[in-house]
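Take a look at the letters that make up each chain.
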Amino acid sequence: MNSNQKKRWELRRVLICLVLSLSCLIFNSAKADYVCDEPIIGDVNGPSGLPDCVVDYFDIAHLVNDWLGEGVFEVDFDDNGIVDFNDFMILSADWGADNLIWDGPWVLNTIDNSSSGADGVRLADVNGDTLQDIATGWEEGGLTRVYLNPGDAEANEPWPGVTVGQTTNVEDAVFIDLDGDGATDVISSCEGSTKKLYMHWAPQNPSDYLDQNSWQTESIPQADGLMGWMFAVGMDVDGSNGIDIVAGGKGTGSQIGWFEAPANPRQLGDFQWHQISTSGWIMSIIKSDMDNDGDLDIAITDRTGDDRGCRWLENPGPGPGLYQPWTNHFIGGVDKQVMFMKFGDLDQDGLEDIVVAVASLKKLLYLRRLDATGLSWDEYLINLPDLAGRGKAVAIGDIDEDGRKDIVFTCELAEDKFGVGWLSYINAPTDPDWEHHDISGTSVGIKYDRIELLDLDGDSDLDVLTCEERQGGGGLGVIWYENPLR
């Protein structure tokens, strides 16, 4: 970046800060007689040099006049030899409308609100159209549904969906092609009194995918009654017979482990369970090569119990060790109520960090990775805004496209509070106080869940996909918030 570009970027950054500090939008209409009913914050200058009852570009130009000073000819965009209001107008017209994200609720789009208690969103491209589709369990409704992404033009309308099975007390639903036939199946994890893992077999004919009667549901016998199941992922653990199932639970006697797939995965009675650790309340399971040795380990957040915190279980490699408890490594958040976590290079140093919500502290936890071993981490707490609910889930992405990673968060216990928002750091991601930006507002939404960041409307910025399960009794359902960047 040359000196001219640096000065231009500095000017833009200062102007953004000024604009966001004003209480009125710049396009409010002025009163013709310039007699204001009451003082308007930010109304310092109009065309005549006096306040004109509207906050507009004249006020902003007045505010930055001293900062611009004389001789700053790098921003003389009209090449008339002086830096004046015309240059500011040129700059504003170039970036203001397209690149300024105003604080305030984003547009809410509903994918489905046909049942009660939408509890999580999991993604996969199930039909090969390169678009991400969604699996969701509806806990109070007792069913699992799949939604096919209709594409950019129709993403803000209800999505085509299908109920793939009845699943009382469902806590999570995830895509998996368990039998390797090319049709993407679904696994539902059920807690409460149900305590089952349900396998929903997808129809082999793609044209039948949205036909509810073409799906078949059965439970995995070795999972029945073993524990309340919270989470599952597909992973080839042993290199034999295709995809195995890694799963974990909640409550007395809960564990995390894997179901070893038999030669014929359709024979669910032949799946064998192998415990690799005890657990208290599993909130996240992420498969990742944590120690950079070429195989996939298991990273988890464990909310309660003797080993609560963010930790990872080391894959011992081929051999008998696969069927025994795996070595446990703590990452951070020990003795904290850690919730959903996400991986991402927050400080952009080439190493993948972790961010997790901490319910017991109403904070987020930034776990900064120090090397490739997975054994060295620094721990930093990030405050949530006072008017936010209790942190539930997080995601990492560049929301405002300024080249720096931001954090999106969702909350529970958010009645009359912020349930969804995003944070941008001011100096460094290790700062305890970040700048808060509203997404959901405070009037709607009580209990939100997992977050996915993806471009749903084809405008190249990151939108926020989540679900909400309490508002109005049945919840807002499966929803997404439209990033107003473009």
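Quick look at the structure, then. (Residues numbered from 1 in each chain as written. Predicted model: local features only at pLDDT ≥ 70, side-chain atom pairs only at ≥ 80, totals over all residues. Heavy atoms only, no water.)

Under the definition given, this model contains 7 aromatic pairs. Arranged with centres 5.0 Å apart and planes meeting at 70°, the rings of Y209 and W215 form a pair that is edge-to-face. Assessed through its relative accessible area of 7%, Y209 is described here as buried. Classification of W215 by relative accessible area gives buried; the value is 7%. Sitting above the plane of the W281 ring, R303 keeps its charged end 4.2 Å from the centroid. (Phe/Tyr/Trp six-rings, centres within 6.5 Å; stacked < 30°, edge-to-face > 60°. Buried < 20%, exposed > 50% of the residue type's maximum accessible area, 1.4 Å probe, protein only. Lys NZ or Arg CZ within 6 Å of the ring centre and 35° of its normal.)

It is worth spelling out the side chain of S288 at this point. If you trace the backbone, S288 turns up in strand β14 (residues 282-288). For S288, a relative accessible area of 13% translates into the label buried. Setting aside its immediate chain neighbours within four residues, S288 contacts L296, D297 and F343. (Helix = DSSP H or I, 4+ residues; strand = E, 2+ residues; numbered from the N terminus. Contact = heavy atoms within 4.5 Å.)

Further remarks concern the sheet that holds strand β3 (residues 133-138). Strand order in the open sheet made by the 4 strands is β2-β3-β4-β5, with antiparallel pairing throughout. Pairing within the sheet leaves two strands with one partner each, and these edge strands are β2 (122-124) and β5 (161-166). On average, adjacent strands in this sheet sit at an angle of 25° to one another, irrespective of strand direction. Taken together, the 5 bridges between strand β4 (residues 143-147) and β5 define a ladder with antiparallel strand orientation. Pairing of R145 across the sheet is with T163, part of β5. (Pairing = 2+ DSSP bridges. Axes fitted to C-alpha atoms, helices over the stretch in contact; angles between N-to-C directions.)

Okay, the sheet that holds strand β17 (residues 327-332) next. Reading across from one edge, β14-β15-β16-β17 is the order of the 4 strands in this open sheet, with antiparallel pairing throughout. Of all strands in the sheet, those with a lone pairing partner are β14 and β17, marking the two edges. Between one strand axis and the next, the sheet turns through 25° on average, direction left out of account. Taken together, the 6 bridges between β14 and strand β15 (residues 297-302) define a ladder with antiparallel strand orientation. Among the inter-strand pairings, I286 is bridged to a residue of β15, identified as A299.

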